[in-house]
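# Structure assessment
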Amino acid sequence: AQFTIRTVLLAMARTNAWHRADRISAVCLLVLSSVAEGSAGYAPATELFESAGLQSGGAPDRRIVHGVLAPAEAPPPPTNDKPRPVEVGPWGFNIAGMDQKLQPGDNWVDYTSGKWLKKTKISDDQSSWTAFSSLRDLTEFQIRDLLQEGAKANSLTGTLYASYMDEATVEAKGLSPVFPFLEKIKQLATASDFATFCGETEFGFGSCPFGFGVGADAQDPDMNVAQLSQDGLGLPSRDYYLEETFAKQKKAYADYIVLMLGKIGWPEPEAAGAEVLAFEETVAKVSWSVEARRDPEKTYNKMTIADLSVKAPGFDWAAFMEAAGRVAGNVQLVVSEWNETAEDGVIGIAAIIGSTDLTTLRAWSAFHFISGAASYLSKEYVDAAFGFSKALSGQETQKLRWKRGVGNANRFLPDAVGKDYVEKYFPASSKKTMDELTSLLKEAFAARIKNVAWMTNATKEAAQKKLASFTFEIGYPKKFKDYSEMSMDKTDLFGNLEKALAFSARWDLSQLGKQVDKAYWGMPPQTVNAFFEPDRNRCVFLAAILQPPFFYAEGDMAVNFGSIGAVIGHEMTHGFDDKGRLYDAEGKLNDWWTPADTAEFTKRADQYGEQFAKFTSGLPEGMHIRPQLTMGENIADLGGLTIAYEAWQMWQKKNSYTPQPPMLEEYSSGGSQSEGDRRFFAGWAQVWRSKYRPSALINSLTTDPHSPGPARATIPVQNLGAWYAAYGVKPGEGLFLDAAERVVIW
């Protein structure tokens, strides 16, 4: 028996599949059981320490604490322990990334970014690499430092991070944190039980065929209302189930379902997995497309929960709402995917649930619960979940654990992390400069509306009124959520996450039926992004995006206008894109356009969309940009760049501009004015430098309302006459459009 035990311990010590802490423990037990160096044919203790991943040669870098081998204070740092540099050159644009042998009018992307594209590699732990990626990378390192400091001080965020980084404790617990939930799923005996469980886990790790939450009422934007939408698919969209293009990804998903059910000991996992997939395929057939879900008028359907129970039978709505948050039947909610004639969307999914046996619904619930929780369990489950995500994204390796720990803190305590982030990393000077830029961009947009030729005066007046109502918030919100009621435990990751999820659910539900508190944001400031809220007519620019290459306070102003200036214009234009234009100056969903102006806008938007539909450069064979999916972002890019250029011209009338060397290659004459315009458009191209893994690009083309970077860099400039003048683009060059083909919307 002793021999057998020692043999097993020896195998553990030498096997990389075992966690490092377990291998160290195996060595300790072997040493303590008198397996002396070189005796009885066993390996020497020094060799065992090497096998377990400890240092070889001399005294190992370890210490004995109360008779137990403990790791050194600081483990060796990972190899990629520095953020990748953001290359912007001396005045804001990375000239070294250009390929100036090319003509900008033939290939704008390769001209501005050709050498960058050849040199840049996508990190193994990324599915793409863009300007956004470089800032996210930098922000991860910044937040890691904050969290490590917080862990030493036992702050809330630091404690959560420490619990995630305590991999040994997470490994030791294995699957045990989710046992109570899995046992509860096994006991679901009725359709009401299933609906109740969906409600109980709606704000947690579970899944529900419907999404439920609280947000502003589109027709009464000062008040919060309950909101309901379709959900329940494990693949990115309905297309992944229904189109042959995605057969490979669908097969990977089918295998993943079986794998996860098998890991939790679910009866007959192969048969159960097939039933789960068949259930989701049926749900996919009645689910609305991503394009249809963009329509703010069709997705506004207000009713009571009691109405829902009558009109969408098959699911116990009362049980679900009671479990989700004690929401009574007379409470009104807005349902997104609702069509009583077609009986698809929410109505169709409810009917499918009503006709599905409980055996399948239990298996579906079990799979989605373990899949949702997997990233916070032991390595076995983390690796399984990553194996499936790899099939969708093409990402080759998982991020280092500390990076995942940063993401975990951002997800579960976003405002707490954000508050610390802006205090340390967001300078007040950036806010001052952004205030000046937003004011100038708003003035430029007003000038564009005044002079737009295709719009009637009545609609122009309403548009000016709406623009005047726009507000800008920069860096961070007026209020951060208060987490003071919450406590965390460094030894209980899963328990910490349950507490954070419960806090978030209580906070959201506490807003139901109350006035919207506009001091909060829906996105934390450490996110590399900006957004527009149509129900508030508010443009928000988060702290993390206000860095090079988007914003360079010491850089060339032409580049700043072409980058962050165009981002400001982009967010403002969202208030007037195909969706945003349907909200009025008070933020209400209310069509204020004349029929003639609506028809002209739609004609121009469709013409612009055709340019994206025809764009194929860098796309996988057979794949295309879907203009109805990307229409809002495409219009915002065109409007944003147009408005930013107008603002750039206005700025030059008030300020002297002398471009600093090195200069861009001379494609047209005109001195500093032409050089400034060239830099303006180069700044635009730089923020859309992008490389994608094929799987990630396919996913993006199918589900993302943003077009790929090369299209965003190219198509808007093709429609601006100033770009042709700045770079001397002539007829016969590949990107040249006749004046009649160029689209003007704003």
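Going by the structure above, here's the rest.
These lines cover the structure that appears in this document, whether it is placed above or below. (Residues numbered from 1 in each chain as written. Predicted model: local features only at pLDDT ≥ 70, side-chain atom pairs only at ≥ 80, totals over all residues. Heavy atoms only, no water.)

### With respect to the sheet that holds strand β4 (residues 210-217)
Short version of the rule: Here, strands pair whenever DSSP counts at least two bridges between them. Note on conventions: DSSP H or I runs of at least 4 residues are helices, E runs of at least 2 residues are strands, and numbering of each starts at the N terminus. To define axes, lines are fitted to C-alpha atoms, for helices over the stretch in contact only, and angles between the resulting N-to-C directions are given on a 0 to 180 degree scale.
Pairing within the open sheet is mixed, and its 4 strands lie in the order β4-β5-β7-β6. Because the sheet does not close on itself, it has two edges, and the strands there are β4 and β6 (301-304). Averaged over all pairs of adjacent strands, the angle between strand axes in this sheet comes to 35°, irrespective of strand direction. Sheet topology note: the strand β5 (residues 220-230)/strand β7 (residues 332-335) ladder contains 3 bridges and is parallel. Each residue of the ladder has a partner; that of Leu228, found in β7, is Val335.

### With respect to the environment of Thr360
Definition in use: When checking whether two residues touch, look at their non-hydrogen atoms; a contact exists if any pair is within 4.5 Å. Pairs of N or O atoms within 3.5 Å make up the polar contacts considered here, provided that, within protein, one atom can donate a hydrogen while the other can accept it, and that residues adjacent in sequence are counted only when both atoms are side-chain atoms.
Structurally, the position occupied by Thr360 is in helix α16 (residues 358-373). Separated by 82 residues in the primary sequence, Thr360 and Ala278 have C-alpha atoms spaced 9.5 Å apart. Contact partners of Thr360, with chain neighbours within four places excluded, come to Glu275, Val276 and Phe279. There is a polar contact of 3.4 Å between the side chain of Thr360 and the side chain of Glu275.

### Here's the deal with the side chain of Glu533
On the secondary structure map, Glu533 appears in strand β9 (residues 530-533). Among the polar contacts made by the side chain of Glu533, one reaches the side chain of Arg538 at a distance of 2.6 Å. Setting aside its immediate chain neighbours within four residues, Glu533 contacts Arg538 and Val540.

### Side note on helix α23 (residues 557-573)
Stated formally: To get the bend at a residue, fit one axis to the 7 residues ending there and another to the 7 starting there, then take the angle between the axes. For the exposure calls, accessible area comes from a 1.4 Å probe over protein chains only, and a residue counts as buried if that area is under 20% of its type's maximum, exposed if over 50%, partly exposed in between.
Taking the largest bend as the criterion, α23 deviates by roughly 35°, centred on Gly565. Buried residues dominate α23, accounting for 17 of its 17 residues. Its side-chain oxygen placed 2.7 Å from the backbone nitrogen of Ala558, Asp556 serves as the N-cap of α23.

### Observations regarding the pattern of salt bridges
For clarity, the cut-off: We define a salt bridge as a contact between a side-chain nitrogen of Lys or Arg and a carboxyl oxygen of Asp or Glu at a distance within 4 Å.
For the structure on display, the rule yields 42 salt bridges. Between Asp217 and Lys302 there is a salt bridge, with its nearest N and O atoms 2.5 Å apart. Placement of Asp217 in strand β4 and of Lys302 in strand β6 is noted, with a sequence separation of 85 residues between them. On the basis of relative accessibility, which here comes to 3%, the residue Asp217 falls in the buried class. Put simply, Asp535 and Arg536 hold a salt bridge, and the shortest N to O gap is 4.0 Å. Neither residue differs from the other here; Asp535 and Arg536 are each classed as buried. Salt bridges here are not isolated pairs; linked through shared partners, they connect Glu473, Lys478, Glu533, Asp535, Arg536 and Arg538.

### Points about the packing of helix α8 (residues 179-186) against α16
As a reminder of what qualifies: Angle categories are assigned with fixed cut-offs, so that under 35 degrees is roughly parallel, over 145 is roughly antiparallel, 65 to 115 is roughly perpendicular, and the rest are oblique. By the definition used in this description, the sense in which the near helix is turned from the far one sets the handedness, with an anticlockwise turn below a right angle giving left-handed and a clockwise turn giving right-handed. Nonpolar residues are Ala, Val, Leu, Ile, Met, Phe, Trp, Tyr, Cys and Pro. Charged residues are Asp, Glu, Lys and Arg, and all others, Gly as well, are polar.
Across the interface, α8 lies against α16 with an axial gap of 9 Å and an inter-helix angle of 170°. Taken as axis vectors, α8 and α16 run roughly antiparallel relative to one another. The chirality of how α8 crosses α16 is right-handed. Counting all contacts with α8, which are made through Phe181, Leu182, Ile185 and Lys186, the residues of α16 involved are Arg362, Ser365, Ala366 and Phe369. Per-class residue counts for the contact of α8 with α16 are 5 nonpolar, 1 polar and 2 charged.

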